[in-house]
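Observations on chain architecture
The lines below spell out each chain.
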Amino acid sequence: MTERLVESSIQVHQCLFGYADGHRLIASSKRLSQEADGQMLLQSDRVHGLPSSTFDPYWTAFPVSSIKSYVLMRTWPAEEMPRPGCVWTHALLIGFSDLSRIEDLSSLRRYFRRPGLGAATAYGVPVSIEVGAARADNLVPISREAAGTLVRNLYGQSSPVVLPLENIDPDLDATIFEIWSQQWARLQRSFSFRTAVGTADTPPTPSRFDLRFYRATGKLGSSEPPASWEATVVADLLQPSAFRRFLKLYGQGQLKGRERLRVLAEVYSMVERGEHVDATDLLSMLSETMPTPEDGSTLKSDIVNGAGTELSKVAISDLEVLEFFASGRGRDALPLPGSNRIGAVAKLAKSQPERTLKMVENAINHAFPEADTLVDQVRTALDRSGLFARLDSYPQLRSQLVAKDLDLLDNPHLLKITLSERDALLAMVSEEALAARLIERLIRIDDTSAAALFMVRFPRAVDQAVLSRMAAFFAGRGPAVPSAWKSAVDTISKPSFVQRNVSKITSYSELGVLLAKAGPRTFVGQQSGAHLWVQALARSAVDVPDRQQTWILAHVLALALACPCHGFERGFEIAFERVHSDILTGQLSGEAFEFLVRQFPQVHWWQEWDSGYRLRLAVVNAYVRSDMDPKSFARLTRNQDLMNDLVGIADESKEGRSFLKRLAV
């Protein structure tokens, strides 16, 4: 029982000020510092402008930091004193830490008593005050009109409030004490007021009090309808509610004074309605009114993360909160959204994909610290197969996703994005296998920058793709290769495209492409180079129509004739008979014939018309003079008449007859 009494009461020091050869401290339960004594003495004397004899008792309240106490005074006229204008002032000194324990500060009024002559001794001992006094003790109802006016003026500004008033009514006293009780602890300790009404016809100059009055005709009140925040505050003054708990919880973190109560009331008004709250409006208000991270940190954290029990009804969607931060706002004042907000993005990406994608794009653009996590959430949630194509409006997000999964680039839509974006994405590619797949897509368009980039970084893959595409076109199986790609393989890398690939070809179409690019002087006089063409012909599969096939054979035969030597026999065996036949029938193309005829030997003028004879003579000379294999000579044709012609030509010279003897052996 004793412990309970100790917990429910506090010891408060008290003082009495009055007249004793001047206004002075008469009695005190605590020794005061000179500073505190002087400050309290000044405020305990009669207010300037009050009648010297009769006036209504009034309250004075203010903090005294030097003694870490809040001083509440009650002042009465001391008419019994011989000197006019004397007053009695009873003061309670409530420790700052004890003030917040008193639930109903209006209960303090019952501890004040007007002294009489010779009664000073009673004020020299501390007073025991019940901290949980029942509110029923307050029998005077507060005034709704006065409450509305006081709330509007006190919390609508930070400067001292001086209001006109004809008289202080008991209900006004009750209203002021209820306003004081409603405040959070820090605000209660700093709030100061005086209820004396002087005789001045105009408002006095500003003073240290947050609230005081001057005499004027009329009563407190306003014809303007209350704002929603005002109505919230007044309703709680008339009937204490959850709003008061809200203030106690979130007021303590406020770094400014009474003007913050309006902000808290506005937030609570949204909470109480339990309706959808516009996140931009709410978060903007918080970041503007509480501009530093530590200012209102608990309130801001609970709103941003939707975690506070007092804020459980605030309907701010995860997406709206993230949109606000993704736009670059509020980061200097507000805590960043936590994992509960960030973790909702995967679900949001499915239910509201476009809005979510736009939010993540903004987060990247505005360097939101959790942007990378947001990207991961989107990557997890959305179908990978269609993801690349749906991001045209969100290039930064697409870039981030591609950086995490380069295979996303292997998509037909790659050809439809802007050149600048495509260049940036392609620059990320580092693996040759992926590069090869992308080149197969990109080679369809005339993209100079892509062709140059891949030619520098992946020359083999570009060579292979360009050669394959050009071969298909040569054989009539596909479209022409865009000029950007043909130019890239010709100009960017050394040695030449032809030299890099002649040893790799495996088909007539590829051989035809390289022969066409090489031109009529290909490896002329270079036996090692010509040898590569002969080898290519020998290993290549026929995949072209007859006309292109003969064209290729004529070119290879011309190269073999240009620098004949041992080892070229297979080229002659493959090409001679087919080319000879097309010459005789007139089917050899003019271009191929022009290339071939350069290698024919000089003959008598009457023999120049016979191109077949000149070809036969050129081939015989190549075999005879280059010490080529006689057995290969025998395989040049299965046509006996043609073979007889070749043998006849060889028999016309001493070297030829010697060669024929080797054939016979």
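Residues numbered from 1 in each chain as written. Predicted model: local features only at pLDDT ≥ 70, side-chain atom pairs only at ≥ 80, totals over all residues. Heavy atoms only, no water.

Some points on the overall build of the protein
Definition in use: Runs of E in the DSSP output that reach at least two residues are strands. Runs of H or I that reach at least four are helices, and both are numbered from the N terminus. All radius of gyration figures rest on C-alpha atoms, and the globule criterion is 2.2 Å times the number of residues raised to 0.38. Think of it in three bands: residues with accessible area under 20% of the maximum for their type are buried, residues over 50% are exposed, and the middle band is partly exposed, with areas taken using a 1.4 Å probe on protein chains only.
Scanning the protein for helices and strands turns up 33 helices and 9 strands. Rg of the C-alpha trace for the protein: 51 Å, well past the compact-globule value of 26 Å for 665 residues, more than 25% over. The principal-axis extent of the C-alpha atoms belonging to the protein is close to 165 × 50 × 45 Å. For the protein, the proportion of its 665 residues judged to be buried stands at 50%.

A few points about helix α16 (residues 371-381)
The following threshold applies: Summarising the geometry, the arc corresponds to the directions from the helix axis toward the C-beta atoms. Only heavy atoms enter the contact rule, under which two residues are in contact if any of them lie within 4.5 Å.
Residues of α16 that are buried include every one of A371, L374, V375, Q377, V378 and A381, and no others. Viewed end-on, α16 has its buried residues packed into an arc of 160°, placing them on one side of the element. Those residues of α16 that are buried lie in contact with α13 (339-342), α14 (345-351), α15 (353-365) and α18 (395-404).

With respect to the packing of aromatic side chains
Under the convention used in this document: Ring geometry is summarised as follows: Phe, Tyr and Trp rings, the Trp one being its six-membered ring, pair when their centres sit within 6.5 Å, and such pairs are stacked at plane angles under 30 degrees, edge-to-face over 60 and tilted between the two. Remark: a charge is flagged as sitting over a ring if the NZ atom of Lys or the CZ atom of Arg is within 6 Å of the ring centre and within 35 degrees of the ring normal.
Under the counting rule described, the total for this entry stands at 20 aromatic pairs. Arranged with centres 5.6 Å apart and planes meeting at 85°, the rings of F324 and F325 form a pair that is edge-to-face. For the pair F593 and F600, a centre-to-centre distance of 6.3 Å together with 80° between the ring planes defines the contact as edge-to-face. Taking the relative accessible area as the measure of exposure, F600 reaches 6% and is therefore buried. Sitting over the ring of Y123, R113 keeps its end group 4.6 Å from the ring centre. Geometry around F388 places R398 over its ring, the cationic atom sitting 4.8 Å from the centre.

Digging into the packing of helix α21 (residues 448-457) against helix α22 (residues 459-474)
For the record, the criterion: Every axis corresponds to a line fitted to the C-alpha atoms, with the helix fit spanning only the stretch in contact, and the corresponding angles, defined between N-to-C directions, vary from 0 to 180 degrees. If an angle is under 35 degrees, it is roughly parallel; if it is over 145, roughly antiparallel; if it lies from 65 to 115, roughly perpendicular; otherwise it is oblique.
Remark: α21 packs on α22, axes separated minimally by 5 Å, with the N-to-C direction vectors making an angle of 120°. Viewed along their axes, α21 and α22 adopt a mutual orientation that is oblique. Contact residues: F454, M455, V456 and R457 in α21; P459, V462 and D463 in α22.

Some details on the confidence of the model for the protein
We count it as follows: The quantity known as pLDDT measures the predictor's confidence residue by residue, on a range of 0 to 100.
In the predicted model, the protein carries a mean pLDDT of 89, and 91% of its residues have values of at least 70. In the model, residues 1-6 has pLDDT below 50 throughout and makes 1 contact with residues more than four positions away in sequence or in other chains.

Structural notes on the pairing of strand β3 (residues 58-64)
For a regular strand, side chains alternate in direction, first toward one face of the sheet and then toward the other. Note the threshold: DSSP-based pairing: two strands are paired if at least 2 bridges between them are found.
With 6 of its 7 residues buried, β3 lies for the most part within the structure. Here β3 pairs with strand β4 (residues 69-77) via 7 bridges, running antiparallel. Following the sheet pairing, P63 is matched in β4 by Y70. What sits between the antiparallel neighbours β3 and β4 is a turn of 4 residues, in which K68 has the positive phi angle 50°. For β3 and strand β8 (residues 193-198), the ladder comprises 2 bridges, and the chain directions are antiparallel. When the sheet's bridge partners are listed, A61 is paired in β8 with F193.

Considerations on the pairing of strand β7 (residues 161-165)
Side-chain alternation along β7 places V161, L163 and L165 on a buried face and V162 and P164 on a face that remains uncovered. Examined bridge by bridge, β7 and strand β9 (residues 211-215) share 5 bridges and lie parallel to one another. Paired with V162 across the strands is R212, a residue of β9.

Description of α21
Owing to its 3.6 residues per turn, the α-helix aligns residues three or four sequence positions apart on the same side. All of the buried residues in α21 are A450, A451, F454 and M455. Buried residues along α21 cover an arc of 125° about the axis, so they all sit on one side. Pointing more than 90 degrees away from the buried face of α21 are the exposed residues T448 and V456. Those residues of α21 that are buried are in contact with α19 (419-426), α20 (432-442), α22, α23 (483-491) and α24 (497-501).

With respect to the environment of K350
Along the chain, K350 falls in helix α14. A residue is classified by how much of its surface remains accessible, and K350, at 60% relative accessible area, is exposed. Along the chain, K350 and A381 lie 31 residues apart, while their C-alpha atoms are 6.6 Å from each other.

Some remarks on the packing of α21 against α23
Relative orientation and spacing of two packed helices are given, respectively, by the angle between their axes and the distance between those axes. What counts is decided by this rule: Definitions for this section: a left-handed crossing has its near helix turned counterclockwise from the far helix by less than a right angle. A right-handed crossing has that turn clockwise.
In the contact formed by α21 and α23, the axes pass within 8 Å of each other and the chain directions differ by 30°. If you check the angle between α21 and α23, you find them roughly parallel. Here α21 and α23 pass one another in a crossing that is right-handed. Here T448, A450, A451, A452 and M455 of α21 lie close against α23, whose contacting residues are A484, W485, A488 and V489.

Let's talk about the nonpolar core
Within soluble globular proteins, side chains that are nonpolar tend to cluster in buried spots. To keep it simple, the criterion reads: Side-chain atoms within 4.5 Å are what join buried Ala, Val, Leu, Ile, Met, Phe, Trp, Tyr and Cys residues into a set we call a nonpolar core.
One finds F193, W485 and F572 to be the most contacted residues of the largest nonpolar core, which totals 200 residues. With 10 residues, the top contributor of residues to this core is helix α27 (residues 546-562). Apart from residues no more than four positions distant in its own chain, F572 is found in contact with L557, A560, L561, V619, A622, Y623, M628 and L636. By size, the runner-up hydrophobic cluster in this structure holds 13 residues, among which are L32, M40, F62 and I67.

Overview of the side chain of H555
Basically, it comes down to this: Polar contact is the term for a pair of N or O atoms within 3.5 Å; when the atoms are in protein, one must be able to donate a hydrogen and the other to accept it, and sequence-neighboring residues count only if both atoms are side-chain atoms.
Residue position: H555 is located in helix α27. A distance of 2.8 Å separates a polar side-chain atom of H555 from the backbone oxygen of W551. Apart from residues no more than four positions distant in its own chain, H555 is found in contact with L515, A592 and F595.

A short note on the state of the cysteines
We apply this condition: We call a pair of cysteine sulfur atoms a disulfide whenever their separation is within 2.5 Å.
Enumeration over the complete set of coordinates arrives at 0 disulfides. Its sulfur unpaired, C86 is 19 Å from the next cysteine sulfur, which belongs to C15. The class for C86 is buried, based on a relative accessible area of 8%. Looking at C565, it has no disulfide partner, and the nearest cysteine sulfur is the one in C563, 7.3 Å off.

Let's talk about the pattern of salt bridges
The line we're drawing: Each reported salt bridge corresponds to a side-chain nitrogen of Lys or Arg within 4 Å of a carboxyl oxygen of Asp or Glu.
Scanning all chains against the criterion turns up 30 salt bridges. Residues R500 and D463 are paired through a salt bridge, measuring 2.7 Å at the closest nitrogen-oxygen approach. With R500 in helix α24 and D463 in helix α22, this residue pair connects regions lying 37 residues apart in the sequence. Owing to a relative accessible area of 12%, R500 belongs among the buried residues under this scheme. Residue classification places D463 among the buried residues on the basis of a relative accessible area of 3%. R570 serves as the salt-bridge partner of E573, at 3.2 Å between the closest nitrogen and oxygen. On the criterion of helical spacing, the pair formed by E573 and R570 is a turn pair, its members being 3 residues apart in helix α28 (residues 569-585). Take R570: its relative accessible area is 43%, and that puts it in the partly exposed class. Through salt bridges with shared partners, a single ionic network connects D407, D410, R437 and R441.

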